[in-house]
Amino acid sequence: MADDVRALVVREPGGPDVLEVQTRPMPEPDAGELVVEVAASGVNFKDVYQREGIYPVTTPFVLGSECAGTVTAVGPGVVDVSVGDHVATASGAGTHASHAVVAESAAVPVADGVALDVAAAAMLQGMTAHYLVNSTYPLRAGEVALVHAAAGGVGQLLVQLAKAKGARVVATVGSAAKVDVATAAGADDVIRYDDVDDLAAAVREIVPEGVDVAYDGVGKATFEASLGSLRRRGLLALFGAASGQVPPFDLQRLNPAGSLFVTRPTLDHYVADRDELLWRSGDLFRAIASGELRVEISGRYGLDEAGQAYRDLEGRATTGKLLIVP
């Protein structure tokens, strides 16, 4: 039926095989909500953690939290958004669907000159990169940043934003092909962590005094190298765990290593304020529209191909952003 919605449902916690495309009734917006016809929905490790039950969500549920599209209905009390507007969100629920309900407070306007699929690709990863270089550790010209998985979606954006601030970027990647991707994004130095025995030592060959900040979305596989690469009083921003969660850690180790700082930030705490959300998304869309920031979309998958999208993401064989296109 025309009023039905196709949606990607997690039947029970598990791997990509628990995903199933189902037909559901068209949602109705409650107060303060929008219904969005989804043009594209982002594929993220947050989805993996929810699907696996690491981030508990009652099953069955529709997967996906990031999308961009066109507003088709608005609920009572919505004042700043109208039917036909183009919006995007990184804080939705059930966005891997032809239509999704999004809170007005979580939706941002998509700037003219920014395609909807690019907007969807930029929201979570772009605002993550934005808060890391502007707020978690505000990078300054002349400082040195270590960026792991620099050929990935967040990694490429981190490299570009760090270079725009005048910082030097030491990037790590996992294959020869990804060296070119990180270099094209602007990295000054690129290390293949699959090609060295001691990653921290490789970093210190380039920067003997250590880096000012390590932006680490890989987690378990790179955590020790990130710590070992920091200068005195340097900061490790552990913003993800693509290789697995970091085991329990003895804080006393930070003392002899140089009075180091470690933080485990998440995007929600950097966009909880509406003004901050609009600042970050607005900065991103302006940079994209002007050509200053390039967002790579490396894969588009239909709902029926979603299982493969997550296998590709979790296999870490991709560069850039993966999208579900309902």
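Presented here is a report on the structure given in the accompanying data block. The model shown is predicted, which means the values in this text are computed figures rather than measured ones.

**Focus on the overall build of the chain**
Within the chain, the regular secondary structure consists of eight helices and 16 strands. The C-alpha radius of gyration computed for the chain amounts to 20 Å, which stays within 12% of the reference 20 Å derived for 326 residues, consistent with globular compactness. Expressed along its principal axes, the backbone C-alpha trace of the chain runs to roughly 65 × 40 × 35 Å. Out of the 326 residues belonging to the chain, those deemed buried represent 52%. For the chain, the proportion of contacts with a sequence separation of at least 24, taken over those separated by at least 6, is 67%. Counting every atom, the chain has about 13900 Å² of accessible surface; 50% of that belongs to carbon and sulfur. One finds the centroid of the 26 positive side-chain charges in the chain at a distance of 7 Å from the centroid of its 42 negative side-chain charges.

**Quick notes on the packing of helix H1 (residues 45–52) against helix H8 (residues 306–314)**
One can describe the packing of H1 onto H8 by two numbers: an axis separation of 10 Å at closest approach and a directional angle of 110°. Judged on the interaxial angle alone, H8 and H1 are roughly perpendicular. Packed against H1, whose contacting residues are Phe45, Asp47, Val48, Arg51 and Glu52, the element H8 presents Tyr310, Leu313 and Glu314 at the interface. Residue composition of the contact of H1 with H8, grouped by class: four nonpolar, no polar and four charged.

**Remarks on the environment of Ala287**
Mapped onto the fold, Ala287 is located in helix H7 (residues 274–290). In contact with Ala287, not counting residues within four places along its chain, are Glu292 and Leu293.

**Quick notes on the sheet that holds strand E1 (residues 4–10)**
The antiparallel open sheet is built from three strands, whose spatial order is E2-E1-E4. The sheet is open, and its two edges are formed by strand E2 (19–25) and strand E4 (61–62), each paired on a single side. Here E1 pairs with E4 via two bridges, running antiparallel. The residue of E4 that forms the bridge with Val10 is Phe61.

**Considerations on the nonpolar core**
Core analysis: the largest hydrophobic core is formed by 57 residues, its most contacted members being Ala88, Met127, Leu139, Leu158, Tyr215, Phe285 and Ile288. Every element with two or more residues in this core is listed here: helix H2 (116–136), strand E9 (144–147), helix H3 (153–164), strand E10 (168–173), helix H4 (176–185), strand E12 (211–216), strand E13 (230–238) and H7. With 13 residues, the top contributor of residues to this core is H2. In contact with Leu158, not counting residues within four places along its chain, are Ala129, Leu132, Val133, Val147, Tyr215 and Phe239.

**Re the layout of surface pockets**
Estimated volume of the largest pocket: approximately 860 Å³. Along the walls of the largest pocket sit 39 residues, with Phe45, Val154, Gly217, Phe239 and Gly240 positioned nearest its centre. Mapped by element, the contributors of at least two residues to the lining of the largest pocket are H1, H2 and H3. Residues belonging to the lining of the largest pocket are distributed by class as follows: 20 nonpolar, 14 polar and five charged.

**Observations concerning the side chain of Thr319**
Note that Thr319 resides in the loop between H8 and strand E16 (321–324). Classification of Thr319 by relative accessible area gives buried; the value is 15%. Engagement of the side chain of Thr319 in a polar contact is seen with the side chain of Glu296, the distance being 3.0 Å. Each residue touching Thr319, except ones within four places of it in the same chain, is listed here: Ala151, Gln156, Lys178, Val181, Glu296 and Ser298.

Rules and cut-offs
Residues numbered from 1 in each chain as written. Predicted model: local features only at pLDDT ≥ 70, side-chain atom pairs only at ≥ 80, totals over all residues. Heavy atoms only, no water. Helix = DSSP H or I, 4+ residues; strand = E, 2+ residues; numbered from the N terminus. Rg over C-alpha atoms; globule rule 2.2 N^0.38 Å. Buried < 20%, exposed > 50% of the residue type's maximum accessible area, 1.4 Å probe, protein only. Contact = heavy atoms within 4.5 Å. Areas by Shrake-Rupley, 256 points an atom, 1.4 Å probe, with all protein chains shown as cover. Lys, Arg positive; Asp, Glu negative; His and termini not counted. Charge placed at Lys NZ, Arg CZ, Asp CG, Glu CD. Axes fitted to C-alpha atoms, helices over the stretch in contact; angles between N-to-C directions. Parallel < 35°, antiparallel > 145°, perpendicular 65-115°, else oblique. Nonpolar A, V, L, I, M, F, W, Y, C, P; charged D, E, K, R; others polar. Pairing = 2+ DSSP bridges. Core = buried A, V, L, I, M, F, W, Y, C linked by side-chain atoms within 4.5 Å. 1 Å grid on protein atoms, 1.4 Å probe; cavity = no way out; pocket = protein on both sides within 12 Å on 5 of 7 lines; lining within 4 Å. Points joined across faces, edges and corners; volume = space filled by probe spheres on them. Polar contact = N/O pair within 3.5 Å; in protein donor to acceptor, adjacent residues only side chain to side chain.

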